[in-house]
Amino acid sequence: MNNYTLMGLLVVMIAFMWWSSRSRKKQMEKMEQDKREQLAAVTPGEWVRTRVGFWGRFVDLDGDIVVLETTDGHEMYWEREMIAEIGGQPPLAGTEDNEATDGTKTEEISDADEAILGLDDAPSSKNSDEQQK
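Residues numbered from 1 in each chain as written. Predicted model: local features only at pLDDT ≥ 70, side-chain atom pairs only at ≥ 80, totals over all residues. Heavy atoms only, no water.

### Comments concerning the pairing of strand 2 (residues 55–62)
- Relative to strand 2, strand 1 (residues 47–50) runs antiparallel, the two being bridged by three bridges. Among the inter-strand pairings, Val48 is bridged to a residue of strand 2, identified as Gly56.
- With antiparallel pairing between neighbouring strands as the criterion, strand 1 and strand 2 make up a hairpin whose turn holds four residues, including Gly53 at a positive phi of roughly 95 degrees.
- Sheet topology places strand 2 next to strand 3 (residues 65–69); five bridges connect them, and they run antiparallel. Bridge pairing in strand 3 places Phe58 opposite Leu68. (Pairing = 2+ DSSP bridges. Helix = DSSP H or I, 4+ residues; strand = E, 2+ residues; numbered from the N terminus.)

### A closer look at the sheet that holds strand 3
- The sheet built from five strands is open, its strands ordered 4-3-2-1-5 with antiparallel pairing. Only two strands of the sheet have a single neighbouring strand rather than two, namely strand 4 (75–79) and strand 5 (83–86). For this sheet the average axis-to-axis angle between neighbouring strands, irrespective of direction, equals 45 degrees.
- In this structure, strand 3 lies alongside strand 4, joined through five bridges in antiparallel fashion. (Axes fitted to C-alpha atoms, helices over the stretch in contact; angles between N-to-C directions.)

### Observations regarding the pairing of strand 3
- From the end of strand 2 to the start of strand 3, which pair antiparallel, there are two residues, and Gly63 there has a positive phi angle of about 70 degrees.
- Here strand 3 folds back onto strand 4, and the loop between the two strands holds five residues, one of which, Gly73, carries a positive phi near 100 degrees.

### Some words on the confidence of the model for the protein
- Taken residue by residue, the protein gives an average pLDDT of 77. The fraction at 70 or more is 68%.
- Strand 4 holds the highest mean pLDDT among the elements of the protein, 92, whereas helix 2 (residues 95–102) holds the lowest, 50.
- Per-residue pLDDT stays below 50 along residues 97–101; that stretch engages in two contacts with residues further than four places along the chain or on separate chains. (pLDDT = per-residue confidence, 0-100. Contact = heavy atoms within 4.5 Å.)

### Here we look at the nonpolar core
- Leu39, Val42, Val48, Phe54, Phe58, Val66, Leu68, Trp78, Ile83 and Ile86 form the largest nonpolar core, which has 10 residues in total.
- Looking at this core, the elements with two or more residues in it are strand 3 and strand 5.
- The residues contacting Val48, other than those within four sequence positions of it, are Phe54, Trp55, Gly56, Phe58, Leu68, Ile83 and Glu85. (Core = buried A, V, L, I, M, F, W, Y, C linked by side-chain atoms within 4.5 Å. Buried < 20%, exposed > 50% of the residue type's maximum accessible area, 1.4 Å probe, protein only.)

### Some thoughts on helix 1 (residues 2–40)
- Here helix 1 contains 39 residues, and its C-alpha end-to-end distance of 57 Å stays within 8% of the 57 Å for a straight helix at 1.5 Å per residue.
- Within helix 1, burial applies to Ser20, Lys35 and Leu39.
- Buried residues belonging to helix 1 abut strand 2, strand 3 and strand 5. (Expected span 1.5 Å × (residues − 1).)

### Let's talk about the packing of aromatic side chains
- Counted under the stated rule, the structure contains two aromatic pairs.
- Seen in terms of ring centroids, Phe16 and Trp19 are 6.2 Å apart; in terms of plane orientation they differ by 40 degrees. Their pairing is tilted. Highlighted residues: Phe16 and Trp19, both in helix 1, separated by three residues, approximately one helical turn.
- Plain terms: the ring middles of Phe54 and Trp78 are 5.5 Å apart, the flat faces sit at 20 degrees to each other, and that makes the pair stacked. Of the two residues, Phe54 sits in the loop between strand 1 and strand 2 while Trp78 sits in strand 4, which places them 24 residues apart along the sequence. No difference in accessibility class separates Phe54 from Trp78, as the two residues are buried. (Phe/Tyr/Trp six-rings, centres within 6.5 Å; stacked < 30°, edge-to-face > 60°.)

This is the structure in structure tokens:
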């Protein structure tokens, strides 16, 4: 009888694993379909976030390729699976507007800060290198 109990338990475990796999597959197919429908309804100009954290404006959808535009106007091509969020706002989108409406002046980078950041002009850095020699 011990062998029959073990065999019955094994059959129940296999049936549960099969049922779990099927339900997970159906859930994934539904999520895929929802994502396709959501991407098909996106209008050009909406913000889109990719899974790696890139924010861009939606330009076009061509099959499984999504075209996103950067803030400087360049277009980038992404696979549809890489899209994580549609219609949100980039993390720093409202900061420039808030500073302008607050009346606070943005800080300007001083000459010392420029040198530290490596933003100084190339000819002046050559002159300083020549003076050191």
